[in-house]
Structure formats: C-alpha cells, structure tokens
There are 2 protein chains.
Amino acid sequence: MARFFMAGTNILGGTAIIRGRDAEHVKVLRLRPGEDVIICDGQGTDYKCRLVYADREQAEAEVIEVVPCPAEPSVKVTVLCGLPKGDRSDYAVQKCVEAGAYEIGFFSCARCVAKPENLEKKLERWQRIAEEAAKQSGRGIIPRVFWAGDFTAALDTAVKKDLKLFLYETGEREALDAVLGENKDAETACLIVGPEGGFAEFEAKLAKVCGLHVCSMGERILRCETAPVVALTAIMYATGNLS
Amino acid sequence: MARFFMAGTNILGGTAIIRGRDAEHVKVLRLRPGEDVIICDGQGTDYKCRLVYADREQAEAEVIEVVPCPAEPSVKVTVLCGLPKGDRSDYAVQKCVEAGAYEIGFFSCARCVAKPENLEKKLERWQRIAEEAAKQSGRGIIPRVFWAGDFTAALDTAVKKDLKLFLYETGEREALDAVLGENKDAETACLIVGPEGGFAEFEAKLAKVCGLHVCSMGERILRCETAPVVALTAIMYATGNLS
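Anyway, here's the lowdown on the structure attached to this text. (Residues numbered from 1 in each chain as written. Chains lettered and ligands numbered in written order. Predicted model: local features only at pLDDT ≥ 70, side-chain atom pairs only at ≥ 80, totals over all residues. Heavy atoms only, no water.)

### Some points on the nonpolar core
Nonpolar side chains in soluble globular proteins generally cluster together in the buried interior. Within the largest apolar cluster, 130 residues are counted, with the highest numbers of intra-cluster contacts made by Phe166(A), Ile192(A), Phe166(B) and Ile192(B). Listed in part, the 16 residues of the second largest apolar core include Val37(A), Cys49(A), Leu51(A) and Ala61(A). (Core = buried A, V, L, I, M, F, W, Y, C linked by side-chain atoms within 4.5 Å. Buried < 20%, exposed > 50% of the residue type's maximum accessible area, 1.4 Å probe, protein only.)

### Some remarks on the interface of chain A and chain B
Taken together, the contact pairs 38 residues of chain A with 38 residues of chain B. Taken as a group, Arg220(A), Arg223(A) and Tyr237(A) account for 24% of the area that chain A buries against chain B, more than any other trio of residues on that side. Run the count over chain A and chain B and you get 4 salt bridges. Ionic pairing is found between Lys95(A) and Glu225(B), a salt bridge with its closest N-O pair at 2.8 Å. The interface formed by chain A and chain B holds 19 residue pairs in polar contact (both at pLDDT 80 or more) in total. Those elements that place two or more of their residues in the side of chain A that touches chain B are helix H2 (88–99), helix H3 (119–137), helix H5 (176–181) and helix H7 (227–238) of chain A. With 6 residues, the top contributor of residues to the side of chain A that touches chain B is H7(A). (Contact = heavy atoms within 4.5 Å. Buried area = accessible area lost by both parts, 1.4 Å probe. Salt bridge = Lys/Arg side-chain N within 4 Å of Asp/Glu carboxyl O. Polar contact = N/O pair within 3.5 Å; in protein donor to acceptor, adjacent residues only side chain to side chain. Helix = DSSP H or I, 4+ residues; strand = E, 2+ residues; numbered from the N terminus.)

### Overview of unusual backbone geometry
A positive phi angle, near 55 degrees, is found at Arg30(A), a position not held by glycine. Here Arg30(A) lies in the loop between helix H1 (20–28) and strand E4 (36–40). Positive phi values are uncommon outside glycine, yet Asn118(B) reaches one of about 45 degrees. Residue Asn118(B) is classed as exposed on the basis of its relative accessible area of 56%.

### Points about the sheet that holds strand E5 (residues 45–54) of chain A
Residues and elements named next belong to chain A. Taking strand neighbours across the sheet as the criterion, the 6 strands line up as E1-E4-E5-E6-E3-E2 in an open arrangement whose pairing is mixed. Edge positions in the sheet fall to strand E1 (2–5) and strand E2 (10–12), since each has one partner strand and no second. On average, each strand axis in the sheet is tilted by 35 degrees relative to the strand beside it, whichever way the strands run. The sheet contacts of H1 involve E1, strand E3 (15–19), E5 and strand E6 (58–68), and relative to E3 the element is tilted by about 95 degrees. (Pairing = 2+ DSSP bridges. Axes fitted to C-alpha atoms, helices over the stretch in contact; angles between N-to-C directions.)

### Points about the side chain of Glu103(B)
As for its placement among the helices and strands, Glu103(B) is situated in strand E8 (residues 103–108). In terms of polar contacts, Glu103(B) uses its side chain to reach the side chain of Thr78(B), at 2.8 Å.

### Some thoughts on the relation of the copies chain A and chain B
Of the two same-sequence chains, chain A is brought onto chain B (RMSD 0.1 Å, axial shift 0.0 Å) by a rotation of 180 degrees. The relationship between the two copies is best expressed as a two-fold rotation axis. Interface overlap between copies is the fraction of interface residues in one copy that are interface residues in the other; for chain A against chain B it reaches 100%, indicating a shared surface. (Least-squares fit on C-alpha atoms with pLDDT ≥ 70 in both.)

The structure is reproduced here in structure tokens:
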C-alpha cells in the first residue's frame, strides 16, 4: 500500500485534505479514487485512508483507521556523534534513521579533526538525508538532525535520558550487554560515540562522573560511522524493537 | 602497539622471520629493535613479539607470547547477500567485516537487478576491502569474500550451519530475538539477506522448507546493504560477542 509523509495534510474529522506538493505526489503515484493509502503525519501516527478524489491541486481521502506507526521503536534513542570527516556523517545519519534513531546530533570534542563549519548547510543536507531514509524505511517520524554543541553540551543532553551510553575503546568499561540487560524498559536513551580519533581519556572520565555508562562493544575497532549503527542496533535488540 | 597481518611470516620456534612486503612494512612503520609488535597470522592467532633486527629485506622478532586473537567472535557467521547494485556490495563487505563476519558471500536470486558480471574483478576488489577492514578493526582473520552461486547454492551453504537465518520483510516470520535466544551457543551461523527487491515468496517458502528460520527484524525496512550489518550485530549481541 502506498505510504507517505504528508506534512501538509489536514485531518479534519474523518477526512484528509491533501494539498500542494503532496497532492502532486498523489498524482505522480497515479492513485485513483477508491485506492487505499497510508498517510503518516510524521508525528508517529499512521492514517489508513481511502482516496475519494484527486486532482493536481488537491486530493481528499476518507480516514478509515488511525494507528500508531508500527515502525517506531518503544525507546527514543538520541544518537550523538563526534563530528567525523567528509561524508561519514551522511552515512551515520542515513543508517541511524534506518536502524530506528529518534534524533541524531553531532558535537565537537578534543580529537575532532573535522571543523564545525557551514553548519547551516550541513544540517540542511543531513535533515534531507534523514527525511529520505525515514520515508524509505517506513518510519513514523522524520528524525531531527541537530548540532549538539561541544562535548559538555553533549553530556548535558545525555544526562537527561533514562539510559546513557558512552562508547569507549580502551580502559575500564562496562559490558554493553550487561548495561542493556538492566535497562530493557528505558523509554529514552542517549548514545555517545567519538570521532575518528576516539575520545580523550579525560572525556571518558568526565562522562563517567556525569553518570554515563562507559561501555565496550567487544574487541573489534569500529569506524566512527559504524559504531553508532552497531550500538543503536544493540539497544533495539535488547529493548525488543528488533523482532 | 603496532599490529599487522603477516601472511609471509615464518614462526620457527620462538622466532618470527619477516620477509618481503612485510619487512618493508616494518621499515615504513619505523619500528626499531626492542620494540614490541603484534603479528597476526591471519588464522586467528596473535604473536606478541619483540623486534630483534630489521632491514629492508628481512626482519626478525622474538616471540614473547602466543594468544588467540581476542577480536574474533566465538561464533563463525557466514553472511550471504543477494547481489546488490553498484557499491552497496563494497559497503556490505566493509561493515560486515567490522561487525565480525567470518566470511561473506554474494548470490543471485529471482529479484536481483545486478548481473553477476566480471566476478573475478569484483571478488578481487571485495577481498581487498575485506583485508583493509580486517586490519583497521583488529580482526584475527581476513574474512573470505566469495561468490555463493544461485539461490539454491546459497541455501545449501546455509543448511550446514548450526544457526540458519533467512531475513524476510513480509508474511509469517519468527521473531529474530526469539530465534537467537534459543541459539546462544551456536558455533556456526549463516545469515541470508535479499537484494534491493527483496525475496520472492517462493524463495522464502523454499528457505523455510530447508529448515532455515525465516525471521523479521522489526517493522523498519532496511536497505539491502544495511540489513546484513544489523542482523550480524544482533547475532553478535545475542551470543555475547559485543561486550
């Protein structure tokens, strides 16, 4: 069944009024009156609708059923990545959206090589990638991509969550599975991963002091764009959102 | 500590004789006699060595300790992917090696758009990507990349493993976590994912008849290059190889 986000949709009573680009979209998809479509409001709600009529300017659909989007995980995971170089950030955004991230932020820290320049353009680009990935993977929301500021700002974002993970490749760490096993019911989580150069020791210490779980993810060294996807998948698995 | 694969290394008694490209590598790394290095034989064994001498032609190192490479998972997972288009296969190879795959194969099936052409060149390329990823992530082996043949050949590879997973996006499926929960001690596993167009229904039926677990991975639709990484990570997590 055709499924799309319709930010511009008005759901009035039992009827969805589709205008502008969304109406054109309906035409492009050659949807005919009587056909069923799923209209997602981008807020986690799916409207199962039957098309009543459609022309280039406007389409109207009868709402048959309103359901929470089944693709949305029970846990809202904020993924925070140390700003990586080049297109690694694009990759991280796309894959984290597919894997179920609630929102994705980038921050600068001690070993970041990439400079936080042209952020406005980058955020536009990342948000566009997130929207495409959300549509493709059938998400119920378009995860927000944002600039999380410096390392301390990232920690401040993390401490507000039920589950706080800080992935670190050396030293004394908790086992990821042990931590996740004790937090299966978390409703909000934050996952912090470093840039190419990883984290400085003082950053890991600071994270621990702030109450984050400093975790290992096994002995394999993951690239900075791979680590968030793997850690996010572990969270989805542990919280029953991968079945 | 410097760590590298040395296929050309002879370990005779307590001494590692390093020749050819590997010896040059030692020079490039500017390693001096007395320095410790880890020499991995690419078979899952690490040799902790101390350099005795090194010139452009040959280097010699005293073996201090021989240990199984800690980065190697306890479960050997064969990842089989329906041949995808373009560079998605490169991506799948790189990420699956990082995530701990034992070997990676590609096969052709009903909905493959990509043609299995120039396979020799492609296999060379994929193997090179696998080797780079293995070195970068500190693996103890260089996972083999191979052409798995057609769909039935892929099934034949899978049925020989302890744990056999077939990831399918629709219809009646088992929950991935339920299946993995019952197979925590698997020593060998095979993971089959489809190409861009997914699997035909008859292929899923055939997989089930052959005794594979036809599994779901949640409601989010993953790209063909993302699915193997996510599924592999779930296996690593469930078998205790992600902590």
